[in-house]
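Given next are the chains, with one letter for each unit.
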Amino acid sequence: MLYISSNQQKKTCSIVMFLSDMSGREPLYKKAFVFFSSPVSKDFINNIKSDISVLPRIGALREMNLEYFPVDSQAFITDHDSALVELYSEEAENTPYFEICLYTMASRLATVFASMKEFPYVRYRAPREQDGSPAATRSLIPFKLAEILWKCLEKYKSIPNYPQTETCDLLILDRSVDQIAPVIHEWTYDAMCHDLLNMDGNKYVVELPGKHGGPPVEKEVILDDNDPVWLELRHAHIADASERLHDKMTTFKSKNKAANINRDGELSTRELQKIVQALPQYNETVEKLTLHVEIAGTINECIRDMRLRDIGQLEQDIVFGDAAAKDVINLLRSLQDASTENKLRLLMIYAIVYPEKFEGDKATKLMQLAKLTPEDMKAINNMKYLGGSPQSKKSSSGFSLKFDGGQKTKHAARKDRTGEEEETWQLFRFYPMLEELLENLNKGQLPKDEYACMNEPAKDSKSQRSTNSTAPNGRRPAHSMRSRRTPAWARGHCSDDGYSSDSVLKNVVPDFRRMGQRIFVFIIGGATRSELRACHKLTAKLRREVILGSTSFDDPPQYISKLQLLSEKDILKTPPKPHNWS
């Protein structure tokens, strides 16, 4: 079986080698099954067909359209880990990587729609500046990607059974739409795992207690959709997740027969048989729960040791306009031993909401107070490369950090939605701007001057949303599935065996056929765990499957490292290294 990638040079080389292996009287293999991971030109097919000795030996010859990597059931990446640097660094537009990155990104994104048989309305964040400056060129990136993608999709109409009319929505954004989301501390179990633990993609090495009092043992685990406990708790607040894990373990042990053997009493043969049959499931369940109890315990230790509650509270107060300069100064003075990363993340959020506080020598004083180096401060200075509103350019500091999504009330970067969201957990107020944008897209209320469309739907079109139950405007009304304490999108119905008997995936997947048209959103420059959570949440709330795509998924340290590289003029002289997602 041979898989051939989308790279033109590699594709040509692979086909030449394939023909060499399969031609002649003694081929290397009796039968060949060839699969192309992206669309292939007729010239390549003709090269294979023209070799009459090879053709009878081909068992399959197909295009698979699989130039993307799934992250979970509703998220994927195009494996462009260096996209932020290749597209947004200083003078990036003058390097060959700029165009190469855009074209390969568009090609891989197109295969998502080809494989899912979807033809989207292609919306994109419109350019904010058009003066020919480097900043204007960077603000054109979502449009450039939309334009290249549209050409790819037009060609796909020749694919058998591919839709000829629009079937879904796509919104193309870049990282400038929300620079707070990648650095703020997000308090869900999923986000905390990736933020505080040393994870490699979705792999984690956990130290578990040894059996029968023996030494601790290390075990590599995969935290993904195949783990029912992870699936149930990943979007829950870390405090809620910890409580529920403790309750699950207690309930399971109290109700499971294998955990309550009366060793002093006599057992019947039937009772012994039931216990023996229950032991494998018992051991597996205890092991799974113990794993997550250990992970949650490690996270809670980190929160306590790093005093993250104090830092997280101030972060959210800044975002919602409830903190002033004195609050930042007081925290920096009281947390002298806080990590460089946490102090830097706090100042990045502060700079986004209050750019005027970094004018002149104010930035230097804050740097000295936080005991940061000029190298650390590059992360703050380089946020200007991602763009902002034109009025912020008047600042003498050169910062350009205010965003279109920012709210002027109380000098806040977010509108407080506490009354709308029935949450009771502390530090759960923050939400990514993506959530508001997708809600407005669903309502048809995205401003056209800010979010343009390559193939604008006709005003009299009544086929925008195909659902069983629709409102007079042709859209399915928003349907909230939130509970009093924990949202339904983050909570399955718990069973006595310690697992979720009705997990998120089981709840949602059967309903996809009865939902409205899909919403795809693609973020250039890296997506965050909070944005992934928002997509899962909105799938239940809007009754439309929301799929998040990006060039990569970045945890805060990765994102900060990339920001610091944006001002390195020589960074793009060496070929970028591909990211290996596991």
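For clarity, every value in this text was computed on a predicted model and none was experimentally measured.

With respect to the pattern of salt bridges
Part 1 of the reasoning: All told, the structure shown has 29 salt bridges when counted by the stated rule.
Part 2 of the reasoning: Linking Arg-123 and Asp-169 is a salt bridge whose minimum nitrogen-to-oxygen distance equals 2.6 Å. Taken together, the residues span a long stretch of sequence, with Arg-123 in strand E6 (residues 120–125) and Asp-169 in strand E7 (residues 168–174) at a distance of 46 residues. Of the two residues, Arg-123 and Asp-169, both sit in the buried class.
Part 3 of the reasoning: One salt-bridge network, held together by shared partners, links Glu-232, Asp-240, Arg-244 and Lys-248.

Some points on the pairing of strand E14 (residues 546–550)
Part 1 of the reasoning: The buried fraction of E14 amounts to 5 of the 5 residues, a majority that puts the element mostly inside the structure.
Part 2 of the reasoning: Of the two faces of E14, the one lined by Val-546, Leu-548 and Ser-550 and the one lined by Ile-547 and Gly-549 are each fully buried.
Part 3 of the reasoning: Bridge analysis of strand E5 (residues 75–77) against E14 gives 3 bridges, and the strand direction is parallel. From the neighbouring strand, Phe-76 faces E14, where its bridge partner is Gly-549.
Part 4 of the reasoning: Across 5 bridges, strand E13 (residues 519–524) lies against E14 in parallel orientation. If you follow Ile-519 over to E14, its bridge partner there is Val-546.
Part 5 of the reasoning: For the segment spanning E13, helix H18 (residues 529–542) and E14, crossover handedness is right-handed.

A short note on the environment of Ile-222
Part 1 of the reasoning: By the element assignment, Ile-222 lies in strand E9 (residues 217–222).
Part 2 of the reasoning: Discounting chain neighbours no more than four positions away, the residues touching Ile-222 are Asn-202 and Lys-203.

Re the packing of helix H12 (residues 325–334) against helix H13 (residues 340–353)
Part 1 of the reasoning: Contact geometry of H12 with H13 gives a least axis separation of 12 Å together with a crossing angle of 175°. Here H12 lies roughly antiparallel to H13, going by the angle between them. Residue-level contacts link Ala-325, Val-328, Leu-331 and Leu-332 of H12 to Lys-343, Leu-346, Leu-347 and Tyr-350 of H13.
Part 2 of the reasoning: Split into classes, the residues belonging to the contact of H12 with H13 amount to 7 nonpolar, no polar and 1 charged.

Conventions we followed
- Residues numbered from 1 in each chain as written.
- Predicted model: local features only at pLDDT ≥ 70, side-chain atom pairs only at ≥ 80, totals over all residues.
- Heavy atoms only, no water.
- Salt bridge = Lys/Arg side-chain N within 4 Å of Asp/Glu carboxyl O.
- Helix = DSSP H or I, 4+ residues; strand = E, 2+ residues; numbered from the N terminus.
- Buried < 20%, exposed > 50% of the residue type's maximum accessible area, 1.4 Å probe, protein only.
- Pairing = 2+ DSSP bridges.
- Right-handed = clockwise from strand over helix to strand, strands pointing away.
- Contact = heavy atoms within 4.5 Å.
- Axes fitted to C-alpha atoms, helices over the stretch in contact; angles between N-to-C directions.
- Parallel < 35°, antiparallel > 145°, perpendicular 65-115°, else oblique.
- Nonpolar A, V, L, I, M, F, W, Y, C, P; charged D, E, K, R; others polar.

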